[in-house]
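So you can see what is in the structure, the chains are spelled out below.
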Amino acid sequence: MAISLKINGATRSVDAEPDTPLLYVLRNDLELNSAKYGCGLTQCGACTVLVNGAARRSCVTPVGSIEGNEVTTLEGLGTLDKPHPLQQAFIDEQAAQCGYCISGMIMAAADLLNRNPQPREADVRAALADNLCRCGTHNRIIRAVLRAAQNKGGN
Amino acid sequence: MNAPHLPRREFITALGGIVLSFSLAPKILLAQTPAQLPGSLQTNRTLDAWLRINADGSVTVFTGKVEFGQGIVTALAQIAAEELDVPLARVTMISGDTGRTPNEGQTAGSQSIEQSGTALRMAGAEVRALLVDLAAVKLGVAADTLKVTDGVIHAPDGRKVGYGELAAQADLKREATAKVRPKPPAQHKIVGKSAPRRDIPAKVTGGAAFVQDMRLPGMVHGRVVRPPRYGARLDNFDEARIKAMPGVIAVVRDGNFLGVVAKREEQAINARLVLIEFSKWSGGSELPDPAKMYEQLMSLRSEDRVISEKDAPVPAGAKAIEATYHRPYQAHAAIAPSCALAEFKDGKLAVWTHSQGVFPLRATIARALGMQPRDIRCIHAEGAGCYGHNGADDVAFDAAMLARAVNGRPVRLQWMRDDEFKWEPYGPAMTMKVKGAVAGGRVVDWTYDVWSQSHNMRPGDPDGINLLGSWYLADAKQPGPARHAAQPNGAGDRNAITLYDFPRQRTTHHLIMDNPVRTSALRTLGAYANVFAIESFMDELAAAAGIDPVAFRLAHIRDERERAVIEAVARAAAWKPGEKGDGRRGRGIGYARYKTVATYTAVIAEVEVNRTTGIVKVPRIWVAADAGQIINPDGLTNQIEGGVIQSMSWTLHEHVRFDRNGILSEDWMNYPILTMADVPGVQTVLIDRPNERALGAGEAAQGPTAAAIANAFAAATGKRLRELPLTPERVKAALGSPLVGTPLNTVRYPVDAASDFGEQGR
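Per-chain numbering applies: the sequence of each chain, read as written, is numbered from 1 onward. Chain letters and ligand numbers both follow the written order, the letters beginning at A and the numbers at 1. Only residues with pLDDT of 70 or above have their local features reported here, since the model is predicted, and side-chain atom pairs are shown and tallied only from 80 upward, although totals for entire chains, interfaces and linings are computed over all residues. Side-chain metrics in this entry use all non-hydrogen atoms of the structure; hydrogen atoms and water are not considered.

Enquirer: I would appreciate a short explanation of the overall build of chain A in the present structure.
Expert: Only DSSP runs of H or I with at least four residues qualify as helices, and only runs of E with at least two residues qualify as strands; both kinds are numbered from the N terminus onward. When its secondary structure is counted, chain A shows 6 helices and 5 strands. Going residue by residue from the N terminus, the α and β elements of chain A occur as β-β-α-β-β-β-α-α-α-α-α. Only the C-alpha atoms count toward the radius of gyration. The rule for a globule is 2.2 Å times the residue count to the power 0.38. Relative to its length of 155 residues, chain A is compact, with a C-alpha radius of gyration of 15 Å against a globular reference of 15 Å. Each principal axis of the C-alpha atoms in chain A carries an extent, and together these give about 45 × 30 × 25 Å. Buried means the residue's accessible area, taken with a 1.4 Å probe over protein chains only, is under 20% of the maximum for its type, while exposed means over 50%, and partly exposed covers the values in between. With 155 residues in all, chain A has 59% of them scored as buried. In this description, contact between two residues means that some pair of their heavy atoms is separated by no more than 4.5 Å. Considering only contacts in chain A between residues 6 or more positions apart, those separated by 24 or more positions represent 56%. Only the protein chains shown count as cover for residues, and all accessible areas are computed by the Shrake-Rupley method using a 1.4 Å probe. Accessible area of chain A: about 5700 Å², with a carbon and sulfur share of 46%. Averaged over its 15 positive side-chain charges, chain A has a centre that lies 9 Å from the centre of its 15 negative ones. A positive count includes Lys and Arg, and a negative count includes Asp and Glu. His and the chain ends are not counted in either. Where a charge sits is defined by one atom per residue type, namely NZ (Lys), CZ (Arg), CG (Asp) or CD (Glu).

What follows is the structure in structure tokens.
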């Protein structure tokens, strides 16, 4: 059935069952790459997106449940030409090894900065504690989030 | 029963056998022995296999090594750009494609810089010289008067010619000579600098960066259903029910291989779940008893080799001690379950894969499917970090099976989380026994024995087909045998031979030939466990001798670079000779030179032990590394720090849970890893040696980190833990503290007990 969604500021209509996890609609119907399948169980955070500005695991969010809500993915934060302060900070800090977790990390960080624009390091650690990184890039990720907060504050 | 230790004479005879078998190599090779070329030029000998100069002045670089987050493609681009004198931005990298790139086997063992980097350095220097010669003719001047800047060749009189203008004349279809000397390090402008990673911008903006992100026209989605136990048989399943499900295109069964293809991804996932529910399986093999796992593994058939031996008398009155260490099965546990795309069309198969070796994968898929390798193309596309041989190759084969069933339509298949955890080949469980003696502050005796299953069951084995799905086909294929690997690389015996200068020592590798639990290459192979054991025991010997652990190590070292790296970490951590723990906090050191010939790494860890909960934390950690010439300092730092943190996770948290009926670790709840909250800052010291060979570093820090943490725990508490990981349960048992609550790391999550093996559990 047709479901109308607000994704990254645009209204999009998709033909999917309402119980389809948002993740597959984003990836396959809307061809947005950023949200990733990692576990399908809300344990790893690779699929994290923002729904009305708050972090949400898209792997267990039925697409029918978010009609009328604003969904933001990594693509909606910024682009290569006009990166969001978080995206720029992750580039500046070279805060990735394989990078599969990074979209989820940035979205969880965006949620944090929405709530707390000037987080301390401990706040960042706590906010990202449920996002798993396997390569050991944690410290760079934390530095990138702190740098983004600083740059955003300075804007 | 294990085979007895080989006495020395027999050992030499066995070695003679190896030499003999090499001399029986195909005669044609012997008849026309080609010149030895450096790095991977030896096996991919023409210049155009590596480099092409394009008419617009850009350069295309081909490498058989592939990216999985280690930054290798960026580092190789730096090397090529440096030798060619072109800007990095003008270099396009093509990697890991059986249709286009050199065959460099596996991207493994921290060897890419040494193999591919060396080839590109030599080929780059030679192509640059070739272009300069062409320019000299064109401009009518002597070649040695010409200068190259940013891909433009300048004559002293101001005339110039760009690489692009010479591209058509430059004949690179010729064998490399390796006679052109590469630049001296002092002239490097690109190598040695922290060039930003080429792959990161796409990864932080949602670009198509991974194989998971590929979408081919007409693509459909596949999923596979694995048996409830290793080796179980599929008795029957409800095919009609699955075929009636929405979107289902095909149910694929071949013997005990079972999969489904559907129009949409969630439809394939749903069909898989229903297939699991409505399929009946029987038989399959029992796993070892986890409570007696190490004893059971050591009682299996093994092939034993003495890999190092040195004799000297033991002085009277030497103080002797011995200890046994264990490392459990540990998972690669990539953040992404493995994924592949496959398309079968007109008898030809294309596979997009994050395999570490597209050529061995192609050869093995060909054998498994009865195809010719020339009819298969395997193309690398990035997956998540793999840390060794995970499900990448297996899912590629699975995708090929499904694609063949829906001829003409490309199939995308990503394993589910439990597929990856339960079916990937783990890093093997290992036992290390060490006996040693000290006299006069020196180690005077050292006997080391290591027991391990195979660490290399990758595709490419000539005597077997190492692809999971193929073992379950009606025409079932068999995996290859466990094999010893020659030192210094080794496998289970990687870093088993002590690096220290002991007058008397003997090292034996007991290669377990059976595979009760599926295993293969996990980052460092045996080095992680061997360095953990050797370096733990060095501390035990230092304590027996009453000497500070840092001083004790330095007393047994001859190599200046080994000494420098240990001193560097001690300085960075402000190590105080003879420093003591306080029952709760303490520090320890671990050292190794990876594979005996690669990066030197020393680590000092500080631990904080909660004596009530048994939880060990590492609030601070220092690492010093000497990887020879540094190609990209930021990339090297990232690799070293990542290695430290991943090893901390292995050492404190990780072991595959199973019972006799099957694997219980199926998600992150029952295979917990280190999280953001517990990751300390890592203080990293890099020692650059621009005039030395660049050494592999991706696996250098893991062993020393494990040892440093274990030694810090012993320093803090006075008790030594010899079995990994350092779980709260073991900590409390060692400290004799009362059990309080359920230890976090050893929670047995409710799992389907599968009391009836005939039914697949959830």
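The structure having been displayed, the exposition proceeds.
Enquirer: Looking at this structure, I do not really get unusual backbone geometry. What am I missing?
Expert: With glycine set apart, most residues show a phi of negative sign, and most peptide bonds adopt trans. At the junction of glutamine 487 of chain B and proline 488 of chain B, the peptide bond is cis and its omega measures out at 10° in the coordinates. Take proline 488 of chain B: it is sitting in the loop between β19 (442-452) and β20 (505-512). Of the consecutive residues leucine 724 of chain B and proline 725 of chain B, the connecting peptide bond is found in the cis state with omega at -5°. Summarising the element assignment, proline 725 of chain B is placed in the loop between α17 (702-717) and α18 (728-735). Phi at glutamate 31 of chain A takes a positive value of approximately 55°, unusual for a residue other than glycine. Positionally, glutamate 31 of chain A belongs in the loop between α1 (22-29) and β3 (48-51). Although it is not a glycine, leucine 525 of chain B sits at a positive phi angle of roughly 50°. Here leucine 525 of chain B is to be found in the loop between β20 and α13 (527-545).

Enquirer: Explanation requested: the packing of aromatic side chains in the structure shown.
Expert: Two measures describe an aromatic ring pair: the distance that separates the ring centres and the angle between the ring planes. All names here are of chain B. Put simply, two rings from Phe, Tyr or Trp (the six-membered ring, in Trp's case) pair if the centres are within 6.5 Å, and we call them stacked under 30 degrees between planes, edge-to-face over 60, tilted for the rest. In the structure shown here, the tally under the stated rule is 13 aromatic pairs over all chains. Ring centres of tyrosine 230 and tryptophan 423 lie 5.5 Å apart, and the angle between their planes is 75°; this geometry places the pair in the edge-to-face category. Taken as a pair, tyrosine 230 in the loop between β7 (220-225) and β8 (233-237) and tryptophan 423 in helix α12 (residues 417-423) lie far apart in primary sequence, 193 residues in all. Taken individually, tyrosine 230 and tryptophan 423 each receive the classification buried, so the pair is uniform in this respect. Taking 6.1 Å as the distance between ring centres and 85° as the angle between the ring planes, the aromatic pair formed by tryptophan 423 and tyrosine 472 counts as edge-to-face.

Enquirer: Quick question: what am I supposed to make of the interface of chain A and chain B here?
Expert: Buried accessible area, meaning the area lost when the parts come together, often serves as the stated size of an interface. On the side of chain B, 61 residues touch chain A, which itself brings 51 residues to the contact. We define a salt bridge as a side-chain nitrogen of Lys or Arg found within 4 Å of a carboxyl oxygen belonging to Asp or Glu. Between the two partners, chain A and chain B, sit 5 salt bridges. In this structure, the salt-bridge partner of aspartate 634 of chain B is arginine 140 of chain A, at a minimum N-O distance of 3.0 Å. Contacts described as polar in this section are N or O atom pairs within 3.5 Å, which, within protein, must combine one atom able to donate a hydrogen with one able to accept it, while residues neighboring in sequence count only if both atoms come from side chains. Summed over the shared surface of chain A and chain B, the result is 31 residue pairs in polar contact (both at pLDDT 80 or more). For the side of chain A that touches chain B, the secondary structure elements donating two or more residues are α1, α2 (74-77), α3 (85-92), α4 (102-115) and α6 (138-154) of chain A. Under the scheme applied here, ten amino acids are nonpolar (Ala, Val, Leu, Ile, Met, Phe, Trp, Tyr, Cys and Pro), four are charged (Asp, Glu, Lys and Arg), and all others, including Gly, are polar. For the side of chain A that touches chain B, the residue count by class is 27 nonpolar, 15 polar and 9 charged.

Enquirer: Before we go on, may I ask you to explain empty space enclosed by the protein in this structure?
Expert: If a probe the size of a water molecule is rolled over the atoms, the empty space left behind becomes visible. Residues and elements named next belong to chain B. Cavity means a closed set of points on a 1 Å grid over the protein atoms alone, one where a 1.4 Å probe fits but cannot get out, pocket means an open set with protein on both sides within 12 Å along at least 5 of 7 lines, and lining means a residue has an atom within 4 Å of a point. Grid points are joined across faces, edges and corners, and a volume is the space filled by probe spheres set on the points. Within this structure, the stated rule accounts for 9 cavities of 30 Å³ or more. Roughly 70 Å³ of internal volume is contained in the largest cavity. In this structure, the largest cavity is lined by Asn495, Ile497, Thr498, Leu499, Tyr500, Val531, Ile534, Glu535, Tyr591 and Ala592. Elements with a minimum of two residues in the lining of the largest cavity: α13 and β21 (585-593). Counting residues per element, the lining of the largest cavity draws most heavily on α13, at 3 residues. In terms of residue class, the lining of the largest cavity is made up of 7 nonpolar, 2 polar and 1 charged.

Enquirer: Looking at this structure, I do not really get the pairing of strand β14 (residues 339-345) of chain B. What am I missing?
Expert: For a regular strand, the rule is simple: side chains alternate between the two faces of the sheet. Residues and elements named next belong to chain B. Of all 7 residues making up β14, 6 are buried, and the element is well covered by its neighbours. Here, a strand pair is defined by DSSP locating no fewer than two bridges between the strands. The sheet contact formed by β14 and strand β17 (residues 411-414) spans 4 bridges and is antiparallel. Residue pairing across strands places cysteine 339 opposite glutamine 414, the latter belonging to β17. Judged from the 6 bridges that link them, β14 and strand β15 (residues 348-353) form a sheet pairing that is antiparallel. By the bridge assignment for β15, alanine 340 is matched with threonine 353. In this structure, the hairpin formed by β14 and β15 is closed by a connection of 2 residues, where aspartate 346 is found at a positive phi of approximately 50°.

Enquirer: Hey, could you run me through the confidence of the model for chain B in this one?
Expert: Predicted coordinates in areas of low pLDDT are best not read in detail. Residues and elements named next belong to chain B. Across chain B, pLDDT averages 92, with 92% of residues at or above 70. How sure the predictor is of each residue is captured by pLDDT, a score from 0 to 100. Scored below 50 in pLDDT, residues 1-31 makes 26 contacts in the model with residues more than four places away or belonging to other chains. Note that pLDDT drops below 50 for residues 739-762; the model gives that stretch 43 contacts with residues more than four away or on any other chain. Both scores are given for the predicted complex: the pTM is 0.92, the ipTM 0.97.

Enquirer: Help me understand the nonpolar core, please; the structure alone is not making it clear to me.
Expert: Proteins that are soluble and globular tend to have nonpolar side chains buried together. Phe90 of chain A together with Leu349, Ile365 and Trp446 of chain B are the most contacted members of the largest nonpolar core, which has 184 residues in total. Those residues in contact with isoleucine 365 of chain B that lie beyond four places of it in its chain are Leu349, Val351, Ile376, Cys378, Phe397 and Leu467 of chain B. Residues enter a nonpolar core if they are buried and are Ala, Val, Leu, Ile, Met, Phe, Trp, Tyr or Cys, with the set joined through side-chain atoms within 4.5 Å.

Enquirer: Help me understand the sheet that holds strand β1 (residues 2-7) of chain A in this model?
Expert: By way of backbone hydrogen bonds, the strands of a sheet pair with one another, either parallel or antiparallel. All names here are of chain A. In space, the 5 strands of this open sheet follow the order β2-β1-β5-β3-β4, with mixed pairing throughout. If you trace the sheet from one side to the other, it starts and ends with β2 (10-15) and β4 (54-57), each paired once. Ignoring which end each strand starts from, the neighbouring axes of this sheet average 45° apart. Here β3 pairs with β4 via 4 bridges, running antiparallel. Residue pairing across strands places leucine 50 opposite alanine 55, the latter belonging to β4. Angles shown run from 0 to 180 degrees and are taken between the N-to-C directions of axes, each axis being a line fitted to C-alpha atoms and, for helices, limited to the stretch in contact. Each of β1, β2, β3 and β5 (70-72) is contacted by α1, which is oriented at about 100° to β2, the strand it contacts most. Packing of α4 onto the sheet brings it into contact with β3, β4 and β5, and relative to β3 it is tilted by some 35°.

Enquirer: Looking at this model, I keep getting lost on α18 of chain B. Mind explaining?
Expert: In an α-helix, one full turn covers 3.6 residues, which means residues spaced three or four apart are oriented alike. Residues and elements named next belong to chain B. Within α18, burial applies to Pro728, Val731, Lys732 and Leu735. Seen along its axis, α18 keeps its buried residues to an arc of 95°; they face one direction. Elements in contact with the buried residues of α18: β22 (600-609), β23 (616-626) and α17. Backbone geometry just after α18 places glycine 736 at a positive phi near 65°. Taken from the helix axis, the directions to the C-beta atoms give the arc we talk about.

Enquirer: Even after reading the chapter, I still don't get the sheet that holds β19 of chain B, so can you show me in this structure?
Expert: Residues and elements named next belong to chain B. In space, the 5 strands of this open sheet follow the order β12-β20-β19-β18-β13, with mixed pairing throughout. Both edges of this open sheet fall to β12 (302-310) and β13 (319-327), since each of them pairs with a single strand only. Strand-to-strand twist across the sheet, computed as the mean angle between neighbouring axes with direction ignored, equals 10°. By the bridge criterion, 9 bridges tie β13 to strand β18 (residues 430-439) in an arrangement that is antiparallel.

Enquirer: Just to check I follow, could you spell out the environment of alanine 439 of chain B for this structure?
Expert: If you trace the backbone, alanine 439 of chain B turns up in strand β18. Residues contacting alanine 439 of chain B, with those up to four places away along its chain left out, are Pro315, Ala318 and Val444 of chain B.

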